[in-house]
Amino acid sequence: WGLGPGQPVLASLGDGGECGAASLASLQDLRRSMDVVLASLEAQLAHATAREREVEDLHAAAAQARGEVERERQELRTAIEVERERLRAEREALEEEKARMSHPSVRRSDVLTLNVGGERVLQRRRSTLCAVEDSFLAARFSGRWEQDLDRDEEGRYFINYSPELFLPLLDYLGVKETE
């Protein structure tokens with residue numbers, strides 16, 4: 001267009017002839033093109049701003065998720081510690097029970113004096129009373145619950161059944177033991 005520095009655009013249009021109208025139309029086209037470019041730039045800026053907000057939201061969500069994961073991790077650590085302590089106490093109790101069960105005063109060959117129903121006093125080996133595994137008598141006289149067994153005033157093991165019921169059971173256990 002040949003404009004010099006500081007020379008106004010309209011001054012170069014001359015006296016408004018055909019050349020001036022063409023120049024004005026060119027300027028209007030240029031203006032429309034610039035408006036399109038500017039609108040495109042504004043749309044791109046809005047899109048970039050929206051993407052930036054999405055990224056910020058994702059960062060915030062990630063930070064929140066990390067916090068939740070850390071809280072869950074801490075809860076699991078606490079639960080594991082509680083479980084470890086429970087298992088330690090359980091193991092300790094088991095070891096104490098094993099020591100009680102293997103106490104030298106409790107042997108399968110021990111002869112026990114039984115007071116049956118307060119009517120009969122008799123003696124049987126511990127192994128006879130424990131002849132049927134997983135039975136009530138086997139559990140009761142295994143030595144595991146020795147301190148909890150009922151005793152009469154003379155220290156004999158008290159069996160709270162009538163002799164008519166209990167003695168046939170003892171005979172059966174004696175036979176079972178010898179099988």
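Residues numbered from 1 in each chain as written. Predicted model: local features only at pLDDT ≥ 70, side-chain atom pairs only at ≥ 80, totals over all residues. Heavy atoms only, no water.

Engineer: Teacher, can you tell me more about the nonpolar core here?
Structural biologist: Burial of nonpolar side chains together is a common tendency in soluble globular proteins. By size, the foremost hydrophobic cluster in this structure holds 16 residues, and its most contacted members are Leu 114, Phe 141, Phe 166 and Leu 170. Those elements that provide at least two residues to this core are β1 (111-116), α3 (136-140), β3 (157-159) and α4 (163-178). No other element matches the four residues that α4 contributes to this core. Not counting chain neighbours up to four residues away, the residues in contact with Phe 141 comprise Leu 112, Leu 114, Arg 126, Leu 129, Cys 130, Leu 149, Tyr 157 and Ile 159. (Core = buried A, V, L, I, M, F, W, Y, C linked by side-chain atoms within 4.5 Å. Buried < 20%, exposed > 50% of the residue type's maximum accessible area, 1.4 Å probe, protein only. Helix = DSSP H or I, 4+ residues; strand = E, 2+ residues; numbered from the N terminus. Contact = heavy atoms within 4.5 Å.)

Engineer: Just to check I follow, could you spell out the pattern of salt bridges for this structure?
Structural biologist: When charged atoms on two side chains of opposite charge get close, those side chains can pair. Scanning the entire structure with this criterion turns up 17 salt bridges. Between Glu 83 and Arg 86 there is a salt bridge, with the nearest N and O atoms lying 2.4 Å from each other. Taken together, the positions of Glu 83 and Arg 86, both in helix α1 (residues 18-101) and three residues apart, correspond to about one turn of that helix. (Salt bridge = Lys/Arg side-chain N within 4 Å of Asp/Glu carboxyl O.)

Engineer: Sorry if this is basic, but what is going on with the environment of Glu 146 here?
Structural biologist: Note that Glu 146 resides in the loop between α3 and β3. Glu 146 sits in the buried class, given a relative accessible area of 14%. A sequence separation of eleven residues divides Glu 146 from Tyr 157, and the C-alpha atoms of the two residues are 9.9 Å apart.

Engineer: Help me understand the environment of Leu 167 in this model?
Structural biologist: Summarising the element assignment, Leu 167 is placed in helix α4. The class of Leu 167 is buried, set by a relative accessible area of 16%. Considering only alpha carbons, one finds Leu 167 and Val 116, 51 residues apart in sequence, at a separation of 8.6 Å. When neighbours within four sequence positions are excluded, Leu 167 is seen to be in contact with Arg 120 and Leu 122.

Engineer: Where do I start with the pairing of β1 in this structure?
Structural biologist: Pairing between β1 and strand β2 (residues 120-125): six bridges, direction antiparallel. Among the inter-strand pairings, Leu 114 is bridged to a residue of β2, identified as Leu 122. Adjacent in sequence and paired antiparallel, β1 and β2 are bridged by three residues, among which Gly 117 carries a positive phi angle near 65 degrees. Here three bridges tie β1 to β3, and the two strands are oriented parallel to one another. By the bridge assignment, Asn 115 is partnered in β3 with Phe 158. (Pairing = 2+ DSSP bridges.)

Engineer: Could you clarify how one ought to interpret α4 in this entry?
Structural biologist: Side chains three or four residues apart in an α-helix point the same way, a direct result of the helix having 3.6 residues per turn. Taking 1.5 Å as the rise per residue, α4 with 16 residues should run 22 Å; its terminal C-alpha atoms sit 22 Å apart, in good agreement. Residues Pro 163, Phe 166, Leu 167, Leu 170 and Leu 173 constitute the buried set of α4. Along the axis of α4, the buried residues cluster in a sector spanning 120 degrees; they form a single face. Exposed and facing more than 90 degrees away from the buried side of α4 are Glu 164 and Leu 165. In this fold, the buried residues of α4 make contact with β1, β2, α2 (126-129), α3 and β3. (Expected span 1.5 Å × (residues − 1). Arc of directions from axis to C-beta.)

Engineer: I keep staring at the sheet that holds β1 and nothing clicks. Help me out?
Structural biologist: Two orientations exist for strands paired in a sheet by backbone hydrogen bonds: parallel and antiparallel. Pairing is mixed in the open sheet, where three strands are placed in the order β2-β1-β3. Single-partner strands in this sheet number two, and they are β2 and β3. Taking each pair of neighbouring strands and ignoring which way they run, the sheet shows an average axis angle of 35 degrees. Sitting on the sheet, α4 touches β1, β2 and β3, and the angle it makes with β2 is about 15 degrees. (Axes fitted to C-alpha atoms, helices over the stretch in contact; angles between N-to-C directions.)

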